[in-house]
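Here is what each chain is made of, one letter per residue.
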Amino acid sequence: MSMRTNLERIQRDIEALSAFNSTPGAGLTRFSFSEEHKKAQDYIVKQMEEAGLQVRIDPCGTIIGRLEGEDPSAPSVMTGSHFDSVRNGGNFDGPAGVITALETARVFHENGLKFRRPVEFIAMVEEEGARFGGGLFASRAMTGRLTAQELATFRDGDGISTGEAMKAFGLDPDRFQEAVRKPGEIQNFIELHIEQGPILEAEQKQLGIVETIVGIRELEVTIHGRPDHAGTTPMNMRADSFLAAARTALAATEAAVQAGEGTVATVGKAQVLPGSFNIVAGTVTFFVDIRSRNKACIDQVEKAIRETLQKEAENPGITWEIRVMMETDPVETDREVCRILEESAGELGITSKRMLSGAGHDAMIMADIAKIGLVFVPSKGGRSHCPEEWTDYDQLQKGVEVVCAAVEKLAKA
Ligand code: HGY
Ligand code: MN
Ligand code: MN
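Report follows, based on the coordinates. Note that the structure is a prediction, hence the values are computed from the model and not measured.

### Thoughts on the environment of Thr253
Then comes step 1: Tracing the sequence through the fold places Thr253 in helix 8 (residues 241-259).
Then comes step 2: On the accessibility criterion, Thr253 (31% relative accessible area) is partly exposed.

This is the structure:
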């Protein structure tokens, strides 16, 4: 297989970006509009400029490098991913796809390649939603799904709103709608991502070609009870919001199992107030992450949550509310793009398989405005969103080769 990409550059990019981290020694934490984000942005911009691209940053922070086409008005082919992370996450979730874009741009540049269509190489922010909640931020900005209300009301742990953080970072949140891409401007969006699961490794396949990306619904549930003395308040006189939350979380997970079709429900973040061991919980806020390839299953889980909360509210001391932080339907990738990716893998001697994505990705949002493709490279032990997250560099390089070949074919067409 004649490789055009460069393994050392790919490794150097991963290691360089991994250094822009607010929790060294405890996995990678790079929140949007942070100091670490700025350092990563500067690195990515420099790499894009050295690869001969025209570089700009859109009003929501997405970095866009452009290789002009022979026909600048032709709908572009775009590739990239995100460079923000979860808290204490890994070095590959997002950057693997950003580096795929950087290395593809370098290959085109050093071979003096130019195509009929423009090619755009992008690095996106706040895909995880780890700082403000929500997530898929940059792609929702580009597709017009972002709202001024979200910029004003989605806040981080210090109460800073998304808009305030953008302003402090040097962006103008009032211009967020200028990030919206016009219909027909982009023909394809191709994303490489780590699998974040065990299938490719278990089946010894080198590349996953995603056909379906699950739908996702992120709920913020707040239950108000009554803080009381833990020792003197009889069990039958309590309005214990934590107990109500626990029963609701249990109902959600049982409903997910019941729904089948690979439906999952997760409670991974909760806050108990006032938060003392000797006070009956007053207010509990927790997040339920629901995913399924079948939207009706997601609805089923949300219904179970609401029914449980209504039952809990039969206790007059209990009230509740739900805020839908983000929701997106299951998405099918473009089958012609799948075919081109599969063909390119075959030509390069790379084994591949068609698969489902249980993780959400910006590609699922970009499907609003482009024909999308999503490919996975193997995750060691299937682990992700943790410091142990790892992909061998030669495995990543194979994925980059396939994306590079597919982008070239699509840009010439
Ligand atoms: O949560 C996800 O699926 C992705 O990692 N943001
Ligand atoms: Mn992730
Ligand atoms: Mn990701």
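### Some remarks on the coordination of the manganese ion (ligand 3)
For a metal with four tetrahedral donors the ideal donor-metal-donor angle is 109.5 degrees, while six octahedral donors give ideal angles of 90 or 180 degrees.
Then comes step 1: Around the manganese ion (ligand 3), the donor atoms from the protein are His82 (NE2), Asp93 (OD) and His193 (NE2), and they sit 2.0 to 2.2 Å away.
Then comes step 2: In this structure, the manganese ion (ligand 3) lies 3.4 Å from the manganese ion (ligand 2), and both are coordinated by Asp93. Of this pair, His82 sits in strand 3 (residues 76-82) while Asp93 sits in the loop between strand 3 and helix 3 (95-110), and the two are 11 residues apart along the sequence.

### Digging into the pairing of strand 3
In summary, the side chains of a regular strand alternate between the two faces of the sheet.
Then comes step 1: Across the 7 residues of strand 3, 7 count as buried, placing the element largely inside the fold.
Then comes step 2: As paired elements, strand 3 and strand 5 (residues 186-194) share 4 bridges and run parallel to each other. For Val77, the partnering residue across the bridge sits in strand 5 and is Asn188.
Then comes step 3: For strand 3 and strand 4 (residues 119-124), the ladder comprises 6 bridges, and the chain directions are parallel.

### Some details on the packing of aromatic side chains
Then comes step 1: Enumeration over the complete set of coordinates arrives at 9 aromatic pairs.
Then comes step 2: Seen from their ring centres, Phe33 and Phe137 are 6.3 Å apart, and the 80 degrees between their planes marks the pair as edge-to-face. Of this pair, Phe33 sits in the loop between helix 1 (7-18) and helix 2 (35-50) while Phe137 sits in helix 4 (residues 137-142); the two residues are 104 residues apart in sequence, bridging distant segments of the chain.
Then comes step 3: Judged by centre distance (4.8 Å) and plane angle (75 degrees), the rings of Phe108 and Phe115 are edge-to-face. Comparing Phe108 with Phe115, the two get one shared label, buried.
Then comes step 4: Members of the aromatic cluster, each reached through a chain of ring pairs, are Phe33, Phe132, Phe137 and Phe169.
Then comes step 5: Taking NZ or CZ as reference, Lys269 lies 5.1 Å from the ring centre of Phe287, over its face.

### What to know about helix 9 (residues 295-312)
Then comes step 1: Its 18 residues give helix 9 an end-to-end C-alpha distance of 26 Å, which sits within 8% of 26 Å, the value for a rise of 1.5 Å per residue.
Then comes step 2: Of all the positions in helix 9, only Cys297, Ile298, Val301, Glu302, Ala304, Ile305, Thr308, Leu309 and Glu312 are classed as buried. One side of helix 9 carries all its buried residues, which in axial view fall inside an arc of 150 degrees. Summarising the geometry of helix 9, the exposed residues directed more than 90 degrees from the buried face are Lys303 and Lys311.
Then comes step 3: If you follow the buried residues of helix 9, they end up packed against strand 7 (215-224), helix 8, strand 8 (264-273), strand 9 (283-292) and strand 10 (319-328).

### What about the environment of Phe154?
Then comes step 1: Following the sequence through the fold, Phe154 ends up in the loop between helix 5 (148-153) and helix 6 (162-168).
Then comes step 2: Take Phe154: its relative accessible area is 6%, and that puts it in the buried class.
Then comes step 3: Separated by 20 residues in sequence, Phe154 and Gly134 place their C-alpha atoms 7.9 Å apart.

### Focus on the packing of helix 2 against helix 3
Then comes step 1: At their nearest, the axes of helix 2 and helix 3 sit 9 Å apart, and the two run at 20 degrees to each other. By the angle between their directions, the pair helix 2 and helix 3 is classed as roughly parallel. Crossing hand, helix 2 versus helix 3: left-handed. For the pair helix 2 and helix 3, the contacting residues are Ile44, Gln47, Met48 and Glu50 in the first and Val98, Leu102, Arg106 and His109 in the second.
Then comes step 2: The residue inventory of the contact of helix 2 with helix 3, partitioned by class, reads 4 nonpolar, 2 polar and 2 charged.

### Comments concerning the site of ligand 1
Then comes step 1: By nearness alone, every residue bordering ligand 1 is listed as Asp93, Glu127, Glu128, Gln196, Arg291, Ala359, Gly360 and His385.
Then comes step 2: Between Arg291 and ligand 1, the recorded distance is 2.5 Å, taken from a side-chain N or O atom to an oxygen atom.
Then comes step 3: Between an oxygen atom of ligand 1 and a main-chain N or O atom of Gly360, the distance comes to 2.7 Å.
Then comes step 4: Relative to its unbound accessible surface of 210 Å², ligand 1 loses 87% to contact with the protein.
Then comes step 5: When its residues are assigned to classes, the shell around ligand 1 shows 1 nonpolar, 3 polar and 4 charged.

### Some points on the pairing of strand 9
Then comes step 1: The element strand 9 is largely enclosed, with a buried count of 8 among its 10 residues.
Then comes step 2: Bridge count between strand 7 and strand 9: 10 bridges; the pairing is antiparallel. Across the sheet, residue Thr222 finds its bridge partner in strand 9, namely Thr285.

### Here we look at the sheet that holds strand 10
Then comes step 1: Strands sit in the order 8-9-7-10 across an open sheet of 4 strands; the sheet is antiparallel. Strand pairing shows two members of the sheet lacking a second neighbour, strand 8 and strand 10, which therefore form its edges. Within this sheet the neighbouring strands show an average axis-to-axis angle of 15 degrees, counted without direction.
Then comes step 2: Its contacts with the sheet put helix 8 on strand 7, strand 8 and strand 9, and the angle it makes with strand 9 is roughly 5 degrees.
Then comes step 3: Across the sheet, helix 9 is in contact with strand 7, strand 8, strand 9 and strand 10; its angle to strand 7 comes to roughly 5 degrees.

Parameters and conventions
Residues numbered from 1 in each chain as written. Chains lettered and ligands numbered in written order. Predicted model: local features only at pLDDT ≥ 70, side-chain atom pairs only at ≥ 80, totals over all residues. Heavy atoms only, no water. Helix = DSSP H or I, 4+ residues; strand = E, 2+ residues; numbered from the N terminus. Buried < 20%, exposed > 50% of the residue type's maximum accessible area, 1.4 Å probe, protein only. Donors = N, O, S within 2.8 Å, 3.2 Å for Na, K, Ca; no water. Pairing = 2+ DSSP bridges. Phe/Tyr/Trp six-rings, centres within 6.5 Å; stacked < 30°, edge-to-face > 60°. Lys NZ or Arg CZ within 6 Å of the ring centre and 35° of its normal. Expected span 1.5 Å × (residues − 1). Arc of directions from axis to C-beta. Contact = heavy atoms within 4.5 Å. Axes fitted to C-alpha atoms, helices over the stretch in contact; angles between N-to-C directions. Parallel < 35°, antiparallel > 145°, perpendicular 65-115°, else oblique. Left-handed = near helix turned anticlockwise from the far one by under 90°. Nonpolar A, V, L, I, M, F, W, Y, C, P; charged D, E, K, R; others polar. Near = heavy atom within 4 Å. Polar contact = N/O pair within 3.5 Å; in protein donor to acceptor, adjacent residues only side chain to side chain. Areas by Shrake-Rupley, 256 points an atom, 1.4 Å probe, with all protein chains shown as cover.

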